[in-house]
Each structure stands twice: as C-alpha cells, then as structure tokens.
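Structural features, examined
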2 protein chains.
Amino acid sequence: VTVSEIGEFGLLERIFPRLPVSRATLVGPGDDAALVAIRGGRVVATTDMLVEGRHFRLDWSSARDIGRKAAAQNLADVAAMGGVGVALLVALALPAEVDVSWVEELYDGFHDECEPVGAGVVGGDLVRSENGITISVTALGSMRGREAVTRAGARPGDVVAVAGRIGWSAAGLAVLSRGFRTPRALVDAHRFPQVPYAAGPLAADLGATAMCDISDGLVADLRRLALASGVSIEITTETLEVTPQMRDAAQALGVDPVRWLLDGGEDHALLATFPAGVELPEPWRTIGRVVRGRGVYVNGSPSEDAGFDHFR
Amino acid sequence: VTVSEIGEFGLLERIFPRLPVSRATLVGPGDDAALVAIRGGRVVATTDMLVEGRHFRLDWSSARDIGRKAAAQNLADVAAMGGVGVALLVALALPAEVDVSWVEELYDGFHDECEPVGAGVVGGDLVRSENGITISVTALGSMRGREAVTRAGARPGDVVAVAGRIGWSAAGLAVLSRGFRTPRALVDAHRFPQVPYAAGPLAADLGATAMCDISDGLVADLRRLALASGVSIEITTETLEVTPQMRDAAQALGVDPVRWLLDGGEDHALLATFPAGVELPEPWRTIGRVVRGRGVYVNGSPSEDAGFDHFR
C-alpha cells in the first residue's frame, strides 16, 4: 500500500498510535501546535534535517534505523548542552509512491530512540515531495535546573574528555561503501548511533566548562570548541580505542583506522572539558588537555582542518 | 556568488547577522542547541515544511516572500493556540548552485515577519540538496499565563468568528495561475499572508472555547474544529467579504469568488468559537454558530469535504 492510496489522513491514522508519548505532553499531535510542559523557564531547542541520498540511503538503512538516527542526532544535541530530551517534532516530505509500511517503521524508529530518554513526538508535518524523502526533526529539552554547558567555556588547564563511541560510524560507512555488510557491529553503528545521553547532564553536574557532541568528527568538533572558547586543545591518540573489529576492517580496506577516530562523524559521542582535578566517572575518559593558544594538536602536531563542509 | 563558492561556513557568516534576535534567547545559533527563556513552564511548539514547486515557486515569490510565508504559517499556529511566538528554528536544504543573495533574502523575510512579533531565529540547520529547496520551520511560543485554546472545546450555543483575511491568497493564486500579475493586493496576499497574530491571545482572553488557524480553507478547518469538538457548525456566506478586487478578478477569470472564501487556504486567518453573549471586538467578526450534530452547513446546506489532501 502506498502513501497516495491511503492519503494524508489515512497516513496520520497509522502514524499517531506509533508515536512515543511523554507525560510532559499537554496537547499532542493533531492541533495547530503542541503544548509541552518544560519546568524551569528555559527550553533547549535544536533541529536537524536529513536528505535521502545524502544523509541516508534506503539500501543501507531500514526506515527504523533512519528514524532512530534522526531522533538520536537531535537528542544528542540536547544532551550536549547538559539537557534531557522531552519532545520531538517531525516534518516529513514524502514521495506519494512510498510504501505506508516504510513510514510506519520510520516512526517505530523514533519510538525506539525516544522511549528510553522519555521524550515524546508531540507534533509534525507531512508534505508531498517529488524528489526523495526529507526528514526534519526538532528536539526540545529541559535543563532540569542545571546550567547549560556551551562550547565557549573551556579554559587553559582543563582536561578534555569524551563519552561514547568514536570512529565506529565512519568505519561502518567505509565498510558499506566497499560493498561489505560486515563487521556487523560497525555497520550497525553507522545505521544509528549509540548516544551516551546521560553523560550530558552528568558532565554538567561534574562542572564541565564546555561541551558539544561529535557530529562532524573529533578533530573538527575539537576545533570548533577550541575556537568558541579561545583556547588550544592537545590530544593523544593512544587514549582512543581502535577496537579489534575496527583494526581488522581497516586492514581489509587498506586504510589507517586512526583517521576514523579523528575525522569520523555521526557517532554523536559527547566531548567536554572539565577543570583539572575533577574525578571523571564512566563513561567519561580523558583524551587531552586545554592550553593557551589556538588550534588542535594531535600527538604534538597541528591538525589539518578535515571538517566536513556540506556545500563544498 | 553561489552557495558552493562560499561553502557552509561562509554562508553561516552571511546569515547570522540577518537573524532576528529576541531577548528570550539565552544561547543563540552556533552551539549544539539553543536555549530559550519561556516563562510559565509550558511551551507551544509547531513545525511546517515547505517544498519548492509545491508550496512555493521561485518565479512567483521572492526569497523574502518565502521567508515571510514560512515564518508566518508557523507563528500563526502559535497564535491559534492563544500563544505568542518567541523563537524559530529554520532547517534548510539547498542546491549548491543557489545564489547566496537568495539565501540572504530568505532570512530577511524571516526577520520581517519575526520582528513585530518579537520572535528570534535561535537555531537551524543547513544541508545540501540535489533536488530543489526545502524549508522546515519550527516555532516555539509562550502562553504568557493564558490557557491554551485547542480545537476541541466548541459547545452548542457558541458563536463562530473569524479574524483576518479569507480567500485573498486563493484569489491571488488563481490570478497567478492564469498568468496575470494583478490585482496586486491579491497577488501580494498569496506571496505571504497578513496574520492577525494579536487576535489569538485576545481570543484566549475573551474566553474562546476552541480555535485554529485557516490553513487549508474555511470549510476544511471548520470541519476539523467541529469534528474535534463533537459538534456541528452553521455559517452564512453573507457575513464574509468579497472585496471589489476579488469580485473583479473572479469575473475576469469566470469563477465564483465564494469558492475562494470557502475553500481557499494559506491566508492563516484565525477561526474561533466563543460563548454566546461575549462581545467580540475587532478584528473578530461573527460568521455563524455551533449546534448539536456533526458536519458543517453553509447557508443551510451540508458542505462537501473540499479539504486538501497532500497525497491525493
């Protein structure tokens, strides 16, 4: 059954029962706007758009994977401020010949990712497209009384730490790009990330001075954080983990796995700086330090800007 | 100069100074997420996506018109809950060959529409597209202590009233579709709506029992409100205004202008029900009443469902 056969309102009837529900939803989907309870008078808000062929491929990712990924990258941005995701809004441009089950599974993916966080899908939009699928997600979050942690607060003397996977998604993409479907763990990591959501508020509680998520690559996001804070950052790669699967895949593909660690995005690990002397509990692990100056140094050498530019 | 020539970060440098700023913005664009002050613990949130060729045409609308329209239709949804728009997030998929000035003017349009409301653009996303421009806007609003007015509260005995223009945008679209560029007032009304934003909170203060904006057509939105409230609605067309320009344009095109009033969307007028006896100040004007039963009656006859289905 295609979307055009059941129409917009038929599709909405299929989608509504699949939406994750949050207790914070005072008015949910179906009205002009949603009404969401967010205590404390401050709302965290972020949006990301995913375009078919550019951010996902229908032959590499299931609809459910894409839903999880779209939710995860927005909820990760909320966590990277020290916030907790409360609500998502999902706008979707769909060709009329898309199968209804694909759309249902997309929303199952939103459900999978939102449920553990406690976020609900509170609203959205459905429009027809002649040119592939576009998904735009907005996440709203609560600070729960915490102060927001921006990218701009790192100070010389701070330690630099990460929480979550680094390089897994890039390794999975490299594997898929060469036509392989294994190692499964890396391929799955590319389909949707495993975001350490709780590490964000934890970092805020530990007194993190700056924080962001790693969406474009460790070095690229370190560079952005360093620039926003007016500092330099030094890291060593010995503290970053090349897993056995990553090492094997890199060997099979004839590439250096350290590039995945340094330049690979989309794992949505969290990156933060903390005052020296703060004892960092799991999942946070130290990878470097903040110094005076500018730029990012990896194992003592200035790093090239390998950041991804969408338009170049 | 095209977008691909200056790249993502060059484009952001052009966009940032053009963004409307709100005092409610605690952390603005450039970090993982924005932080917005919204008092009262309840956030109004809504999203709409506009696809090139479907929701706008580059030969009929300037970038500035499109920005105004995209902002307006979201801010109208906030007003239709009785809320006041505070913040927008704008996600944009752009072909690399789009001219930078087009993007700058799009944001000028957001600025034009947000400034009088007091809303800021607090965040967004820029992605590359191979297939035309897609704009996804999310609006956040504050209730400022008011109770939200949903579509579901209309009761038999209530009066039905509208605020704002009805049928103007449809008339403008009909004129443009036939290759004309005048009457200017109608064509301009199609390019971007004149939304009576203040009428939303005013209606909430007057005790409106149900409210929505008219995005798909008066009858279609009356039907939705009646269905959500479990009531029937009767209106008469004699209270709706066919302006002289509308009458002349309809005559020139050989169509009945009343169809524009009944089925024309995109003016984003507000539609509300009020307890009988409430004195309605400008810009609210009565067009009918709520009765027991179901469906919508126009001049005593049951109306056909002429609502727009995006996928059929």
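The structure under discussion appears in the preceding block.
Residues numbered from 1 in each chain as written. Chains lettered and ligands numbered in written order. Predicted model: local features only at pLDDT ≥ 70, side-chain atom pairs only at ≥ 80, totals over all residues. Heavy atoms only, no water.

**A short note on the sheet that holds strand β4 (residues 84–94) of chain B**
- Spatially, the six strands line up as an open sheet ordered β1(A)-β2(A)-β3(B)-β6(B)-β4(B)-β5(B), and their pairing is mixed. Both outer strands of the open sheet, β1 (25–27) of chain A together with β5 (120–128) of chain B, are each paired with one neighbouring strand and no more. Sheet twist, expressed as the average angle between the axes of neighbouring strands with direction ignored, equals 25°.
- With nine bridges connecting them, β4 of chain B and strand β6 (residues 134–142) of chain B associate as antiparallel partners. When the bridges of β6 of chain B are listed, Gly85 of chain B appears paired with Gly141 of chain B.
- Where helix α1 (residues 3–15) of chain B meets the sheet, its contacts fall on β4 and β5 of chain B, and the angle it forms with β5 of chain B comes to roughly 170°.
- Here helix α3 (residues 100–117) of chain B sits on the sheet in contact with β4, β5 and β6 of chain B, set at roughly 170° to β4 of chain B. (Pairing = 2+ DSSP bridges. Helix = DSSP H or I, 4+ residues; strand = E, 2+ residues; numbered from the N terminus. Axes fitted to C-alpha atoms, helices over the stretch in contact; angles between N-to-C directions. Contact = heavy atoms within 4.5 Å.)

**Quick word on helix α4 (residues 168–177) of chain B**
All names here are of chain B.
- Most of α4 sits out of view: eight of its ten residues are buried.
- Where the residues of α4 are buried, they touch α5 (184–191), α8 (244–253) and α9 (257–263).
- In the stretch just after α4, Gly179 is the one whose phi turns positive, near 90°. (Buried < 20%, exposed > 50% of the residue type's maximum accessible area, 1.4 Å probe, protein only.)

**Focus on the packing of aromatic side chains**
- Tallied over the entire structure, the rule returns four aromatic pairs over all chains.
- Ring geometry for Tyr107 of chain A versus Phe110 of chain A: centroids 5.5 Å apart, planes at 50°, classification tilted. Residue Tyr107 of chain A and its partner Phe110 of chain A are located together in helix α3 (residues 100–117), separated by three residues, close to a single helical turn. There is no split in this pair, since Tyr107 of chain A and Phe110 of chain A are both buried.
- Ring centres of Phe274 of chain A and Trp284 of chain A lie 5.4 Å apart, and the angle between their planes is 75°; on these two criteria the pair is classed as edge-to-face. Of this pair, Phe274 of chain A sits in strand β10 (residues 269–274) while Trp284 of chain A sits in the loop between β10 and β11 (285–291), placing them ten residues apart in sequence. Here Phe274 of chain A and Trp284 of chain A have matching classes, each one buried.
- The cationic tip of Arg57 of chain B hangs over the ring face of Trp60 of chain B; the distance from NZ or CZ to the ring centre is 3.8 Å. (Phe/Tyr/Trp six-rings, centres within 6.5 Å; stacked < 30°, edge-to-face > 60°. Lys NZ or Arg CZ within 6 Å of the ring centre and 35° of its normal.)

**What to know about the nonpolar core**
- Counting 60 residues, the largest nonpolar core has Leu11, Leu94, Val103, Phe110, Ile135 and Trp284 of chain A as its most contacted members.
- For Val103 of chain A, the contacting residues outside a window of four places in its chain are Val3, Leu11, Ile15, Leu92, Leu94 and Val98 of chain A.
- Phe311 of chain A together with Ala72, Leu92 and Leu126 of chain B belong to the second largest nonpolar core, which has 59 residues in total. (Core = buried A, V, L, I, M, F, W, Y, C linked by side-chain atoms within 4.5 Å.)

**Considering the packing of α1 of chain B against α3 of chain B**
All names here are of chain B.
- At their nearest, the axes of α1 and α3 sit 10 Å apart, and the two run at 25° to each other. In terms of orientation, α1 and α3 fall into the roughly parallel class. Viewed along their axes, α1 and α3 form a crossing whose handedness is right-handed. For the pair α1 and α3, the contacting residues are Val3, Ile6, Leu11, Arg14 and Ile15 in the first and Val100, Val103, Glu104 and Tyr107 in the second.
- Across the contact of α1 with α3, the residue classes tally to seven nonpolar, no polar and two charged. (Parallel < 35°, antiparallel > 145°, perpendicular 65-115°, else oblique. Left-handed = near helix turned anticlockwise from the far one by under 90°. Nonpolar A, V, L, I, M, F, W, Y, C, P; charged D, E, K, R; others polar.)

**Some details on the interface of chain B and chain A**
- On the chain A side, the residues contacting the 66 residues of chain B number 66 residues.
- Buried area between chain B and chain A, both sides added, is near 5400 Å², and the carbon and sulfur share of it is 58%.
- On inspection of chain B and its partner chain A, the count reaches six salt bridges.
- With a shortest N-O distance of 3.4 Å, Asp32 of chain B and Arg151 of chain A are connected by a salt bridge.
- Summed over the shared surface of chain B and chain A, the result is 22 residue pairs in polar contact (both at pLDDT 80 or more).
- By residue number, the principal contributor to the side of chain B that touches chain A is strand β3 (residues 42–51) of chain B, which donates nine residues.
- A class-by-class count of the residues in the side of chain B that touches chain A yields 35 nonpolar, 14 polar and 17 charged.
- Here strand β3 (residues 42–51) of chain A pairs with strand β2 (residues 34–37) of chain B via four bridges, running antiparallel. Residue pairing in the sheet places Val43 of chain A in a bridge with Val36 of chain B of β2 of chain B. (Buried area = accessible area lost by both parts, 1.4 Å probe. Salt bridge = Lys/Arg side-chain N within 4 Å of Asp/Glu carboxyl O. Polar contact = N/O pair within 3.5 Å; in protein donor to acceptor, adjacent residues only side chain to side chain.)

**With respect to the pattern of salt bridges**
- With the rule as written, the count across this model stands at 40 salt bridges over all chains.
- Residues participating in the shared-partner salt-bridge network are Arg14, Arg18, Glu104 and Asp108 of chain A.

**Details of empty space enclosed by the protein**
- Under the defined criterion, the tally for this structure stands at two cavities of 30 Å³ or more.
- Volume-wise, the largest cavity comes out at about 90 Å³.
- Residue lining of the largest cavity: Val51, Ala93, Ser129, Asn131, Gly132 and Thr134 of chain A together with Val51, Ala93, Ser129, Asn131 and Thr134 of chain B, and that is the complete set.
- A breakdown of the residues in the lining of the largest cavity according to their chemical character gives four nonpolar, seven polar and no charged.
- When its volume is computed, the second largest cavity comes out at roughly 30 Å³.
- Among the secondary structure elements, those contributing two or more residues to the lining of the second largest cavity are α2 (63–79) and α5 (184–191) of chain A.
- Partitioning the lining of the second largest cavity into residue classes produces three nonpolar, four polar and two charged. (1 Å grid on protein atoms, 1.4 Å probe; cavity = no way out; pocket = protein on both sides within 12 Å on 5 of 7 lines; lining within 4 Å. Points joined across faces, edges and corners; volume = space filled by probe spheres on them.)

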